[in-house]
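# Examining the three-dimensional arrangement
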Amino acid sequence: MVKAAVLWETNNPLVVEEVELDEPQAGEVLVKVGAAGICRSDRHFMHGDAPIALPVVLGHEGAGTVEKVGPGVTSVRPAQQVILTFVPSCGRCKSCVTGKNHLCDNHGATGPNMYDGTTRLHKGDQRIHHMGKTACFAEYSVVPESGCVPIDVAIPMDKAALIGCCVPTGVGAVTSSANVQPGSTVAVVGCGGVGLNVIMGAALVNASKIIAVDIRESQLEFAMKFGATHTVNASDQDPVAQVKALTDGKGADYTFEVFGSADTTKAAYDMAGKSGTVTVVGIAPWGAEAGINAVDMVRNEKTMRGTYYGSTHASVEMPKLVDMYLAGKLNLDDLVVRQYALDDINEAYGDMDKGEVGRGVIMY
Ligand code: APR
Ligand code: ZN
Ligand code: ZN
C-alpha cells in the first residue's frame, strides 16, 4: 500500500489515501518519489479542461530514488537518483525513430496506462491510472525504464523534480524549438513556473530585451530575478500595444505563450513583429481555437509553432540541465518558493490559483 492523491472526479478535491501499487514488471522501475512539482498541467485535468481516464493519480514533474527494478532493466539500478519524464519513449515508433521521443506514439496510444495497457495502481478491483506514466503525487511510483533518467551527481530533490517538467519545457522552448538568436527581443506571456524558465532560457542565449507579460504585478516583480528586463501588466492595458511600445513599435522577434488560453495565444501572435516567431507552450482548454490574422501572417512572414515538453529528448537534455544548475546557470533555488506535504496538495493547488509566485513542490 502507498499513500497517493487520487482524482476520482473532476472539479473535486484530490483524495489522499492508501492505494495498492503492484511490483514493477519487465522493463519497469519502482521509484521512491522524493519531490513532485505543482504544475498547471495537472490542474487542467482536475478541472476537466483536458481529458484523462479516471480515477487517476496525477503528478508529472518529479524526481526520486530507484527502489527496485523489474526484469530486463539495465539503465538504472537501486539507490540511484532519477528524474521522471512524463513522456517515456518506446524507441520503436515513428516519432521515436525520427528523434522526436518527446512525442512517442505508443506512449500517446496507451496514455495513463503502462505500455502494456494495464495499470500498476489499483484499489481492490478498481484500476487507477498513472498520468504520464509518472503518477508522482504518490510516495512510490512504477514507471517504464525510459520514464526515468538517472543523474550522476545528486542534487536536491525539489530542484531535480523541476527538471522533470517546467525547466526543460521552458528552456527547451527557447533553445530547441524557437532557437532564439543572441541580441533578439523576446516577450513571454505568462510568468509562472514554466514562463520563468522561458525567461531564464532567453537570458541564457543572450536575448537583448526580455519582456515579461502577466496579469499579476507580483509575478512580474518576481520575473526580474530570472532575467526579465521589462515588464508588462496585461490586467489593465492591452499587452500587445505595450510590447510594441517597448520594441520601437515593431513587435518582438520571439514571443511565447505560457499560460494556456485562446486569448493569450492570440496576444502572443499579435505582439510578434515582422519575421517573428510565435511559440505556443501553454495548453489551452480542450477544443479552444485562437483567431489569427491570416493576412498578417503572410505579409509579415510570421512563424507560429507549438512545442511540447520543450521539444527535447529527456535522457539527453535532463542531465545537461542538472549540470547547468550545478554550474549556477539556472536559478532553480529561487524558483522553489513553497514546500508542502502530500496531505496538503489541495492547498498547494489553491495557492497556484491564488497566483502565488514561483513553484510549489510536494516533498516526501
Ligand atoms: N495574460 C498573461 N498572463 C496570464 C494571463 C493573461 N491573460 N492569465 C494568467 N496569466 C499568468 C498567471 O498569472 C501565472 O503567472 O500565467 C501564469 C501561469 O503560471 P502557472 O499557473 O504557474 O502555470 P505553469 O505551471 O507555468 O504552466 C503554464 O504551461 O505546461 C503548460 O499546462 C501548462 O498551460 C500551462 C502552462
Ligand atoms: Zn508540467
Ligand atoms: Zn515511441
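Refer to the structure above for everything that follows.
These numbers come from a predicted model, not from an experiment.

## Quick look at the site of ligand 1
Ligand 1 sits among 23 residues. The nearest are Arg40, Ser41, Asp214, Phe259 and Arg359. Interatomic distance of 2.8 Å between a backbone N/O atom of Phe259 and an oxygen atom of ligand 1. Contact between ligand 1 and Ile283: an oxygen atom at 2.9 Å from a main-chain N or O atom of the residue. For ligand 1, the protein covers 91% of the area, taking 730 Å² as the surface of the free molecule. Of all the secondary-structure elements, those providing two or more residues to the shell around ligand 1 are helix 1 (40-46), helix 6 (193-204) and strand 12 (209-214). With three residues, helix 1 is the largest single contributor of residues to the shell around ligand 1.

## Quick look at the coordination of the zinc ion (ligand 2)
Each angle at a metal carrying four tetrahedral donors should ideally be 109.5 degrees, and each at a metal carrying six octahedral donors should ideally be 90 or 180 degrees. Note on the zinc ion (ligand 2): its protein donors are Cys39 (SG), His60 (NE2) and Cys165 (SG). The metal-donor distances range over 2.0 to 2.3 Å. Counting gaps between the donor residues of the zinc ion (ligand 2) yields the pattern C-x20-H-x104-C. Of this pair, Cys39 sits in the loop between strand 3 (28-37) and helix 1 while Cys165 sits in the loop between helix 4 (157-162) and helix 5 (166-178), placing them 126 residues apart in sequence. Looking at Cys39, the relative accessible area reads 3%, which means it is buried.

## What about the nonpolar core?
Counting 58 residues, the largest nonpolar core has Ile163, Val167, Ile199 and Phe256 as the members making the most contacts within it. Both domains that meet at this core, namely domain 1 (2-150 + 331-363) and domain 2 (170-307), each give it at least three residues. Setting aside its immediate chain neighbours within four residues, Ile163 contacts Ile83, Ile155, Pro168, Met318, Leu321, Val322 and Leu332. Judged by nonpolar contacts, the second largest core, of 43 residues, contains Ala36, Val73, Tyr340 and Ile345.

## Focus on the environment of Glu139
Of note, Glu139 is situated in the loop between strand 8 (126-130) and strand 9 (140-144). Here the alpha-carbon distance between Glu139 and Val33, two residues 106 residues apart in the chain, equals 5.4 Å. Not counting chain neighbours up to four residues away, the residues in contact with Glu139 comprise Val2, Lys3, Val31, Lys32, Val33 and Tyr364. From its side chain, Glu139 meets the backbone nitrogen of Lys3 in a polar contact 2.8 Å long.

## Some thoughts on the pattern of salt bridges
Across all of its chains, the model carries 13 salt bridges by this definition. With its nearest N and O atoms 2.4 Å apart, the salt bridge here joins Glu17 to Lys123. Here Glu17 is found in strand 2 (residues 15-21), whereas its partner Lys123 is found in strand 7 (residues 121-123), with 106 residues between them in sequence. The exposure class of Glu17 is buried, given its relative accessible area of 14%. In this structure, the salt-bridge partner of Arg43 is Asp353, at a minimum N-O distance of 2.4 Å. You can see Arg43 sitting in helix 1 and its partner Asp353 sitting in helix 13 (residues 345-354), a full 310 residues away along the chain. One salt-bridge network, in which partners are shared between bridges, spans Glu28, Asp116 and Arg120.

## Let's talk about the coordination of the zinc ion (ligand 3)
Bound to the zinc ion (ligand 3) are the protein donor atoms Cys90 (SG), Cys93 (SG), Cys96 (SG) and Cys104 (SG), situated 2.3 to 2.4 Å from the metal. Around the zinc ion (ligand 3), the four donor atoms sit at angles spanning 103 to 118°, and that spread fits a shape best called tetrahedral. Written as a sequence motif, the donor residues of the zinc ion (ligand 3) are C-x2-C-x2-C-x7-C. For the pair formed by Cys90 and Cys96, the shared burial category is buried.

## Here we look at the side chain of Gln242
Here Gln242 shows up in helix 8 (residues 239-246). One polar contact links the side chain of Gln242 to the main-chain carbonyl oxygen of Gln237, over a distance of 3.3 Å. With sequence-adjacent residues up to four places away left out, Gln242 is seen in contact with Val232, Asn233 and Gln237.

## Some thoughts on helix 9 (residues 262-270)
Listing the buried residues of helix 9 in full gives Thr264, Thr265, Ala267, Ala268 and Tyr269. The inward-facing, buried residues of helix 9 contact strand 11 (185-189), helix 8, strand 14 (252-257), strand 15 (272-280), helix 10 (294-299) and strand 16 (303-306).

Procedures and definitions
- Residues numbered from 1 in each chain as written.
- Chains lettered and ligands numbered in written order.
- Predicted model: local features only at pLDDT ≥ 70, side-chain atom pairs only at ≥ 80, totals over all residues.
- Heavy atoms only, no water.
- Near = heavy atom within 4 Å.
- Polar contact = N/O pair within 3.5 Å; in protein donor to acceptor, adjacent residues only side chain to side chain.
- Areas by Shrake-Rupley, 256 points an atom, 1.4 Å probe, with all protein chains shown as cover.
- Helix = DSSP H or I, 4+ residues; strand = E, 2+ residues; numbered from the N terminus.
- Donors = N, O, S within 2.8 Å, 3.2 Å for Na, K, Ca; no water.
- Buried < 20%, exposed > 50% of the residue type's maximum accessible area, 1.4 Å probe, protein only.
- Core = buried A, V, L, I, M, F, W, Y, C linked by side-chain atoms within 4.5 Å.
- Domains from an automatic or database assignment.
- Contact = heavy atoms within 4.5 Å.
- Salt bridge = Lys/Arg side-chain N within 4 Å of Asp/Glu carboxyl O.
- Tetrahedral: all angles 85-135°; square planar, octahedral: opposite > 155°, others 65-115°.

These values are about where atoms sit, not about what they do.
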